[in-house]
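Read off the chains here:
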Amino acid sequence: MTRNMTGAKMVVQALKDQGVDTVFGYPGGAVLPIYDEIFQQNDIRHILVRHEQGAVHAAEGYARSTGKVGVALVTSGPGATNAVTGLTDALLDSIPIVVISGQVPTFMIGSDAFQEADTVGITRPCTKHNWLAKDTAKLSETLHQAFHVARSGRPGPVLVDIPKDTQFASAGYTEPRAARVDHYQPQLKGDITEITELVELMEKAKRPVFYTGGGVINSGTAASQLLRELVESTDFPITSTLMGLGAYPASGKNWLGMLGMHGLYEANMAMHDCDLMINVGARFDDRITGLISAFSPKSKKAHIDIDPSSINKVIRVDVPIVGDVAHVLEDLLKVWKARGRKTNKEALQKWHAQIAEWKTVRCLDFTQEGPTIKPQYALERLEALTKDKDRYITTEVGQHQMWAAQYLGFEDPNRFMTSGGLGTMGYGFPASIGVQMAHPDGLVINVAGEASWLMNMQEMGTAVQFRLPVKQFILNNERLGMVRQWQELLHGERYSHSWSEALPDFVKLAEAFGAKGILCSDPKDLDDAIMEMINHDGPVIFDCLVEKHENCFPMIPSGKPHNEMLLGEASTQGAIEAGGAVLV
């Protein structure tokens, strides 16, 4: 029997039917009917953010840490336009979220009404799909389709724009099982001929490497488990993009660390010198490839990706396999085992010996001396004191983000939430709120720079209101650190507007919000201060004063290949001795 209800009630009912338990949002006139329905139920918890960008990033953090679809609710006009950065961020990083926006009544669309914006037009380039829901009779089906599109295939953001009169009108509600979703069914199984071709290359490869990305994590825990089995069975080395950290454990014996612009020396050298590159769920991003014409010039390349448009988009590959990572890896293992589990063991032994030599460069070495905290030391101590806890890490964007990827070890997927493709300053704090809502008993730490953190500092109100014990671990160098580094190394030390000369007292700022503030400037006090942060049962702003002009190495400068890296003083000589091309 079809149930009759208002459009606003349909929204809440559809969220319940899709298994949603948390919505991040900010009310306004064009969504008040929906908010009224939220008030009259207790199944879905609404988290009042302080800015719509914060709502979408919180939904991203929730989605990334759970594998479920995140939901944000915003009003029309500026509410929707404030959500655009988060939508674009989710699109580039393949994060499944549904954003529901209010719109002026249908009869006022196009009249420049109060708080009117062409939300569908504005968000078309930054969503997988979007809808303007003018017909209440079709609204519930549209909402079910939105969730299907967000989570299916390559995950991503969708938006449903709902005029106010659609929310007030009544119609029959369509149950999820009756919604038409068969018109979008991405290919899950890979072509078995191509999979067999890859296995044949694996059997002969002398210098293979797995290059993995966020697609492994998006495919679910089964994909990560299959990847680990494949690495252990073949004994091939493995590296990962920023978004793929945790799919293979950092403590694993075949782990090379992160690759790319600020990746580890051994990972980048292995990518450059390999003869078989197996891309699993990564998209050959420019931060990974460096100079395309010199990218891994002697390797055969295979690419496993559920998004057909990602294949041959940047790098031409020899074996393209379209399909879901978990499905393809399952079939890959079956074929490889059926053919006798063969690898070129003698050549593989030499390859591991070469990698071991590259590791002697110790590209992350630093010296902590003097009265000032090195940012690397701060993260090294944070890792040591939290690695055995139920820990989730988010980050802002900049040097601190790269140091977090280098010095924090991730043993499992869905534990590291960061803005990869868009590089959104202001992402980490609201994302940490979303993660904490999803994992109320987890230790959630946002590794931040002071400049990035200030971009969404207003969400401290959200953390305090909802008693979310998120820890803001700010590496405060009083600089736009990555901007300053590029200006030093690539722009003749002309530091154009990369200084922060009017920073707040973060301890007082925390106290003004009703949270705890901690200041640490002495390396001798760091461990005690970190433990004080961890043991506090509420939100904390930790102001860690660090060396102002520390650079993040290794670094592949723009326009250079993988095997030409800038290294810190401690590892440059070792790289020269290991035969690598080093830029000094």
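Because the structure is a prediction, the values reported are computed rather than measured.

(A) Spotlight on the sheet that holds strand E4 (residues 70-74). Taking strand neighbours across the sheet as the criterion, the 6 strands line up as E3-E2-E4-E5-E7-E6 in an open arrangement whose pairing is parallel. Each having just a single partner strand, strand E3 (45-48) and strand E6 (129-132) make up the two edges of the open sheet. Pairs of neighbouring strands in the sheet enclose a mean axial angle of 20 degrees, with direction left out of account. Pairing geometry for strand E2 (residues 22-25) and E3, over 4 bridges, is parallel. For Phe-24, the partnering residue across the bridge sits in E3 and is Ile-47. Running at roughly 165 degrees to strand E7 (residues 157-163), helix H7 (residues 136-151) makes contact with E4, strand E5 (97-103), E6 and E7 of the sheet.

(B) Representation of the UniProt feature "domain: Thiamine pyrophosphate enzyme TPP-binding" (unreviewed entry) in the chain within the structure. What UniProt calls "domain: Thiamine pyrophosphate enzyme TPP-binding" (unreviewed entry) maps, in this numbering, to residues 397-544. Between the C-alpha atoms that bound residues 397-544 there is a distance of 17 Å. The span itself is 40% helix and 17% strand.

(C) Just the UniProt feature "domain: Thiamine pyrophosphate enzyme N-terminal TPP-binding" (unreviewed entry) in the chain, in detail. UniProt's entry tags residues 5-120 with the feature "domain: Thiamine pyrophosphate enzyme N-terminal TPP-binding" (unreviewed entry), counted in the numbering of this structure. Helix makes up 44% of residues 5-120 and strand makes up 19%, while its end C-alpha atoms are separated by 25 Å.

(D) Representation of the sheet that holds strand E15 (residues 391-395) in the model. Strand order in the open sheet made by the 6 strands is E16-E15-E17-E18-E20-E19, with parallel pairing throughout. Where the open sheet ends on each side, the last strands, each with one partner, are strand E16 (416-417) and strand E19 (516-520). Where E15 and E16 come together, 2 bridges link them in parallel fashion. Directly across from Ile-393, in E16, lies its bridge partner Phe-416. Seen against the sheet, helix H17 (residues 399-407) touches E15, strand E17 (443-449) and strand E18 (471-476) and runs at an angle of roughly 135 degrees to E17.

(E) Just the side chain of Glu-37, in detail. The residue Glu-37 is located in helix H2 (residues 32-39) in this model. The buried category is assigned to Glu-37, whose relative accessible area is 16%. Residue contacts for Glu-37: discarding those within four places in its chain leaves Thr-6, Ala-8, Lys-9 and Val-12.

(F) Structural context of the domain arrangement of the chain. Domain boundaries in the chain define domain 1 (4-178), domain 2 (192-359) and domain 3 (375-545). Taking the mean C-alpha position of each, domain 1 and domain 3 sit 29 Å from one another. Facing the 25 residues of domain 1 at the interface are 27 residues of domain 3. Surface buried jointly by domain 1 and domain 3 totals about 2000 Å² across both partners, of which 61% is contributed by carbon and sulfur atoms. At the surface where domain 1 touches domain 3, the tally comes to 0 salt bridges. On inspection of domain 1 and its partner domain 3, the count reaches 11 residue pairs in polar contact (both at pLDDT 80 or more). Of all elements in the fold, only E2, E3, helix H3 (52-66) and helix H5 (84-93) reach the threshold of two or more residues within the side of domain 1 that touches domain 3. Looking at the side of domain 1 that touches domain 3 element by element, the count peaks at 10 residues for H3. Looking at the side of domain 1 that touches domain 3 residue by residue, the class counts come to 7 nonpolar, 12 polar and 6 charged.

(G) Looking closely at helix H14 (residues 325-338). Given a rise of 1.5 Å per residue, 14 residues ought to cover 20 Å, and the 20 Å separating the end C-alpha atoms of H14 matches this to within 8%. For H14, the complete set of buried residues consists of Val-325, Ala-326, Val-328, Leu-329, Asp-331, Leu-332, Leu-333, Val-335 and Trp-336. The N-cap residue of H14 is Asp-324: its side-chain oxygen and the backbone nitrogen of Ala-326 are 3.2 Å apart. In the segment just after H14, Gly-340 is the residue with positive phi, at about 105 degrees.

(H) Structural detail: the environment of Leu-188. Among the secondary structure elements, Leu-188 is positioned in the loop between strand E8 (170-173) and helix H9 (192-204). Spatially, the C-alpha atoms of Leu-188 and Asp-324 are 4.7 Å apart, while their sequence positions differ by 136 residues.

(I) Region of the structure containing the nonpolar core. Ranked by internal contacts, the top residues of the largest apolar core, which has 100 residues, are Leu-379, Phe-473, Met-533 and Phe-542. The element contributing the most residues to this core is H14, with 8 residues. Looking at which domains feed residues into this core, each of domain 2 (192-359) and domain 3 (375-545) supplies at least three. Once residues within four sequence positions are removed from consideration, Leu-379 is found in contact with His-400, Trp-403, Ala-404, Tyr-407, Leu-408, Val-447, Phe-473 and Leu-475. Grouped together as the second largest cluster of nonpolar side chains are 41 residues, Ala-72, Cys-126, Ala-448 and Ala-463 included.

(J) Examining the pattern of salt bridges more closely. By the definition in use, this model includes 21 salt bridges. The shortest N-O distance in the salt bridge between Lys-16 and Asp-43 comes to 3.4 Å. Of this pair, Lys-16 sits in helix H1 (residues 7-17) while Asp-43 sits in the loop between H2 and E3, placing them 27 residues apart in sequence. The class for Lys-16 is partly exposed, based on a relative accessible area of 30%. Between Arg-484 and Glu-488 there is a salt bridge, and its shortest N-O distance comes to 2.7 Å. With Arg-484 and Glu-488 both in helix H21 (residues 481-490), this residue pair falls 4 residues apart, about one helical turn.

(K) Expanded view of the environment of Gly-215. Relative to the assigned elements, Gly-215 resides in helix H10 (residues 214-218). Residue classification places Gly-215 among the partly exposed positions, given a relative accessible area of 22%. Residues Gly-215 and Asp-307 lie 92 residues apart in sequence; the distance between their C-alpha atoms is 9.8 Å. When residues no more than four places from it in sequence are discounted, the contact partners of Gly-215 are Gly-281 and Val-325.

(L) View of the packing of aromatic side chains. Here the structure, examined in full by the defined rule, presents 12 aromatic pairs. Each ring, one from Phe-473 and one from Phe-542, has its centre 4.9 Å from the other, and the planes form 40 degrees; the classification is tilted. Of the two residues, Phe-473 is situated in strand E18 and Phe-542 in strand E20 (residues 540-545); the sequence distance between them amounts to 69 residues. Residue classification places Phe-473 among the buried residues on the basis of a relative accessible area of 0%. Grouped by ring-pair contacts, the aromatic residues Tyr-211, Phe-284 and Phe-295 constitute a single cluster. The positively charged end of Arg-415 is found above the aromatic ring belonging to Tyr-392, 4.1 Å away from the centroid.

(M) Representation of the state of the cysteines. Scanning all chains against the criterion turns up 0 disulfides. Take Cys-544: it sits in no disulfide, and the sulfur closest to it among the cysteines is that of Cys-520, at 5.5 Å.

Thresholds applied
As a convention, each chain's residues are numbered from 1 in the sequence order in which they are written. Where local features are concerned, this predicted model is filtered to residues with pLDDT of at least 70; where side-chain atom pairs are given and counted, the filter is 80 or more; whole-chain, interface and lining totals use all residues. Excluded from the side-chain calculation are hydrogens and water; included are all heavy atoms of the structure. What makes two strands pair is DSSP finding at least two bridges between them. Put simply, DSSP marks the helices as runs of H or I at least four residues long and the strands as runs of E at least two long, and each gets a number from the N terminus on. Axis angles are defined between N-to-C directions and span 0 to 180 degrees, where every axis is a line fitted to C-alpha atoms and, for a helix, only to the segment in contact. We call two residues in contact when some of their heavy atoms are within 4.5 Å. UniProt positions are given in the numbering used here, feature names are shortened, and annotations may be inferred rather than shown by experiment. A simple rule labels every residue: compare its accessible area, found with a 1.4 Å probe on the protein chains alone, to the largest value its type can have, and call it buried under 20%, exposed over 50%, or partly exposed in between. The domain limits used here are those given by an automatic or database domain assignment. Two parts lose some accessible area (1.4 Å probe) when they are put together, and adding that loss for both gives the buried area. A carboxyl oxygen of Asp or Glu within 4 Å of a side-chain nitrogen of Lys or Arg is what we treat as a salt bridge. Any N or O atom pair separated by 3.5 Å or less is treated as a polar contact, with the protein-specific requirement of one donor-capable and one acceptor-capable atom, and with residues adjacent in sequence counted only for side-chain atom pairs. Polar here means any residue outside two lists: the nonpolar Ala, Val, Leu, Ile, Met, Phe, Trp, Tyr, Cys and Pro, and the charged Asp, Glu, Lys and Arg; Gly therefore counts as polar. The span one expects for a helix is its residue count, reduced by one, times 1.5 Å. Nonpolar cores are built from buried Ala, Val, Leu, Ile, Met, Phe, Trp, Tyr and Cys residues. Side-chain atoms within 4.5 Å join them into one set. A pair of aromatic rings is counted whenever rings of Phe, Tyr or Trp (Trp by its six-membered ring) have centres within 6.5 Å, and the orientation is called stacked for planes under 30 degrees apart, edge-to-face for over 60 and tilted otherwise. By definition, being over a ring means that NZ of Lys or CZ of Arg is both within 6 Å of the ring centre and within 35 degrees of the ring normal. Defined by distance alone, a disulfide is two cysteine sulfur atoms within 2.5 Å.

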